[in-house]
Amino acid sequence: MRILVALLVLCGMAAADSPKVAYRLKTQGPTPDGRTFTSWATCFPVGSIKEGGTLLVGAAHTLEGADRAQVQIGGTWHAVRRIWTADTADLAAIEIDAETEAALPLGESAVGLTVELLGYGSEYNGGKAEALRGRLIGPDTMRGKDGWHAIHGDSGGPAVDLAGRVVGVCSEVHWIK
């Protein structure tokens with residue numbers, strides 16, 4: 001976790017008026033029976049890399065067992081250059097060569113805060129990330145409006161407050177703050 005925080009600080013965070021943006025993450029790898037699995041998730045930009053490229057954040061569990069990963073920006077797929085994962089949380093820093101939209105700024109989470117989850121859990125939105133609105137009801141728990149909940153593909157997506165600041169990341173089992 002300390003490595004990820006250091007990477008975020010080194011990259012610098014974006015201004016608070018940054019657009020809400022998330023990207024589709026595709027991972028592939030071998031299965032025990034010799035076939036190939038493909039998995040879909042979400043990631044988001046947190047800063048530019050000095051040598052060129054962008055640093056993204058996603059959920060570490062979405063990368064387990066993968067031997068290749070790509071990020072879709074617009075209609076173009078970009079290979080992942082490097083990945084770092086946290087020891088104590090379901091977080092991954094993902095480096096790609098491509099430049100992206102502005103990084104998302106960090107905010108503070110609080111019980112009762114209204115947030116939106118940006119994710120690719122729904123295949124019915126023309127390939128765009130959906131923003132699902134809900135409220136934080138506990139330190140690591142969110143209740144969605146009208147009974148919705150995060151589904152496969154939303155993992156790694158940012159939970160943003162209404163000003164567009166990241167206050168959490170959709171994880172395998174809970175929100176990470």
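Quick note: structure is the one above.
Since this is a predicted model, take the numbers as computed values, not measurements.

## Observations regarding the overall build of the chain
Part 1 of the argument: Per the secondary structure count, the chain includes one helix and twelve strands.
Part 2 of the argument: Taking all 177 residues of the chain together, the buried fraction comes to 47%.
Part 3 of the argument: Long-range contacts, defined as pairs at least 24 residues apart, comprise 62% of the intrachain contacts of the chain with a sequence gap of at least 6.
Part 4 of the argument: Of the roughly 9,100 Å² of accessible surface on the chain, 52% is carried by carbon and sulfur atoms.

## Some remarks on the pairing of strand β2 (residues 36-48)
Part 1 of the argument: Pairing between strand β1 (residues 23-30) and β2: eight bridges, direction antiparallel. Looking at the pairing, Tyr23 lines up with Cys43 of β2.
Part 2 of the argument: As consecutive antiparallel partners, β1 and β2 are separated by five residues, and within that stretch Gly34 has a phi angle of approximately 90°, a positive value.
Part 3 of the argument: Where β2 meets strand β3 (residues 54-58), four bridges bridge the pair, whose relative direction is antiparallel. Within β3, the residue paired with Gly47 across the bridge is Leu55.
Part 4 of the argument: As consecutive antiparallel partners, β2 and β3 are separated by five residues, and within that stretch Gly52 has a phi angle of approximately 105°, a positive value.

## Quick look at the nonpolar core
Part 1 of the argument: With 29 residues, the main nonpolar core has Leu25, Val71, Ile94 and Ile96 as its most contacted residues.
Part 2 of the argument: At the level of secondary structure, the elements contributing two or more residues to this core comprise β1, β2, β3, β4 (68-73), β6 (92-96) and β11 (166-170).
Part 3 of the argument: Residues in contact with Leu25, not counting those within four places in the same chain, are Ser39, Trp40, Ala41, Thr42, Cys43, Thr62, Leu63, Ala69, Gln70, Val71 and Ile94.

## Observations regarding the sheet that holds β6
Part 1 of the argument: The sheet built from six strands closes into a barrel, its strands ordered β1-β2-β3-β6-β5-β4 with antiparallel pairing. Between one strand and the next, the sheet's axes are offset by a mean angle of 40°, whatever the strand orientation.
Part 2 of the argument: As judged from the four bridges shared by β4 and strand β5 (residues 76-85), these two strands associate in the antiparallel manner. Looking at the pairing, Ile73 lines up with Thr76 of β5.

## A few points about the side chain of Asp90
Part 1 of the argument: Within the secondary structure, Asp90 sits in the loop between β5 and β6.
Part 2 of the argument: Polar contacts involving the side chain of Asp90 include one to the main-chain amide nitrogen of Ala60, which spans 2.9 Å.
Part 3 of the argument: Side-chain polar atoms of Asp90 contact the side chain of His61, separated by 2.6 Å.

## Focus on the side chain of His61
Part 1 of the argument: Considering the arrangement of structural elements, one finds His61 in the loop between β3 and β4.
Part 2 of the argument: What makes His61 buried here is its relative accessible area of 17%.
Part 3 of the argument: A polar contact is formed between the side chain of His61 and the side chain of Ser155, at a distance of 3.2 Å.

Definitions and limits used
Residues numbered from 1 in each chain as written. Predicted model: local features only at pLDDT ≥ 70, side-chain atom pairs only at ≥ 80, totals over all residues. Heavy atoms only, no water. Helix = DSSP H or I, 4+ residues; strand = E, 2+ residues; numbered from the N terminus. Buried < 20%, exposed > 50% of the residue type's maximum accessible area, 1.4 Å probe, protein only. Contact = heavy atoms within 4.5 Å. Areas by Shrake-Rupley, 256 points an atom, 1.4 Å probe, with all protein chains shown as cover. Pairing = 2+ DSSP bridges. Core = buried A, V, L, I, M, F, W, Y, C linked by side-chain atoms within 4.5 Å. Axes fitted to C-alpha atoms, helices over the stretch in contact; angles between N-to-C directions. Polar contact = N/O pair within 3.5 Å; in protein donor to acceptor, adjacent residues only side chain to side chain.

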